[in-house]
Each structure stands twice: as C-alpha cells, then as structure tokens.
Amino acid sequence: MNNPEFFKKIKSVYNTVVLFFILIMVFAAGLMYKVINPSFLSFNRETTQESYSNVEDFNAMEDGIHVKTGFKNDKDLPLVIASCTPCHSAKLVTQNRATKDGWISIIRWMQDTQNLWDLGEHEAPIISYLAKYYGPEDKGRREVLTNIEWYDLED
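Residues numbered from 1 in each chain as written. Predicted model: local features only at pLDDT ≥ 70, side-chain atom pairs only at ≥ 80, totals over all residues. Heavy atoms only, no water.

1. A look at the packing of helix H4 (residues 100-113) against helix H5 (residues 123-133)
The contact between H4 and H5 brings their axes to 9 Å, and the two run at 125°. One finds that H4 runs oblique with respect to H5. Regarding H4 and H5, the two cross each other, and that crossing is right-handed. Each of Lys100, Trp103, Ile104, Ile107, Arg108 and Gln111 in H4 lies in contact with H5, whose residues at this interface are Glu123, Ile127, Ser128, Leu130 and Ala131. (Axes fitted to C-alpha atoms, helices over the stretch in contact; angles between N-to-C directions. Helix = DSSP H or I, 4+ residues; strand = E, 2+ residues; numbered from the N terminus. Parallel < 35°, antiparallel > 145°, perpendicular 65-115°, else oblique. Left-handed = near helix turned anticlockwise from the far one by under 90°. Contact = heavy atoms within 4.5 Å.)

Structural data, given as structure tokens:
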C-alpha cells in the first residue's frame, strides 16, 4: 500500500476537488453580491437621479397646461387634481375621452369597483371639466382608408 503513484493520483483528485469547491464558492459569492447590488456588472452605466418637485413648482403652468399633471388650466383644475390624482396618474385621465354621460359612467364604475368616494357637490364641476377638456374628438387617429387596391398574399 505504499505505492507512490496511487498517492500522486489521490493528491491530484484532491487538488481538483478543492479547486472546484473554491470556484463554486467564488461563483456563489458573486451571485449573492449581484442579488444585493443589481447594478454590478451592468453594461448600462447611465445614472438616474430622482428629483422631487418643490411646493412652489407644483402650480406651474405652461401654455395653459398644468406642468405636473398635464391637465388643462381651468377654475376647477384644483378640484380635479384633488379628486383624481390621489388614486391614479393624471395620464389615465388625459388619455381618455368621454361625454358627460361617459364620464359619469366611469365615475360610477370607480365608485362601485375601485372604492372611489362619493364626490357630492364636487361631482358636477368635475364632470363638466372632464367633458369640456377630455370629451370625444371629431377626428380619430387617422382618416378612414379609401380607394385601396387590395391584393392577395401568395404562399
């Protein structure tokens, strides 16, 4: 049992196992660091910086548009901001179009399913504002296609 070749092979296997174990530990440590710091080894090095608006900037208007919300300026604008933006983005309002009845229907849906409170005496001015500035538009996204020469696609 004093075979030097046998001990050499055992030592070689032992060194390989130790090296493999060290590589696994280094990989695990790197993976844990990546979980803790996701930007590690990220190729996109652009830094983003959050900015917070000052109280005096909140009421800024530009070309008749409230800068922070995108709502159109009106005497009822503060009421609309106070009623709509606590629950969702102003973008959700500005991207929609509806008549007075449509806005009433949307508000009722929010009251029935989304826990919107009773707007009480504020409901009429809010609906008037929404219908005035975010009512249906006469023109859609594009004109209806006419005089089109259609063709069959072949396999």
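2. What to know about the environment of Glu62
Within the fold, Glu62 resides in strand S1 (residues 61-62). For the pair Glu62 and Lys72, spaced 10 residues apart in sequence, the C-alpha to C-alpha distance is 9.7 Å.

3. Re H4
Here H4 is 14 residues long and its end C-alpha atoms lie 20 Å apart, about the 20 Å a rise of 1.5 Å per residue gives. Burial in H4 covers these residues: Trp103, Ile107 and Met110. For H4, the buried positions fall inside an angular range of 60° around the axis, keeping them on one side. Exposed and oriented more than 90 degrees from the buried face of H4 are Asp101 and Asp112. For H4, the secondary structure elements touched by its buried residues are helix H3 (90-94) and H5. (Expected span 1.5 Å × (residues − 1). Buried < 20%, exposed > 50% of the residue type's maximum accessible area, 1.4 Å probe, protein only. Arc of directions from axis to C-beta.)

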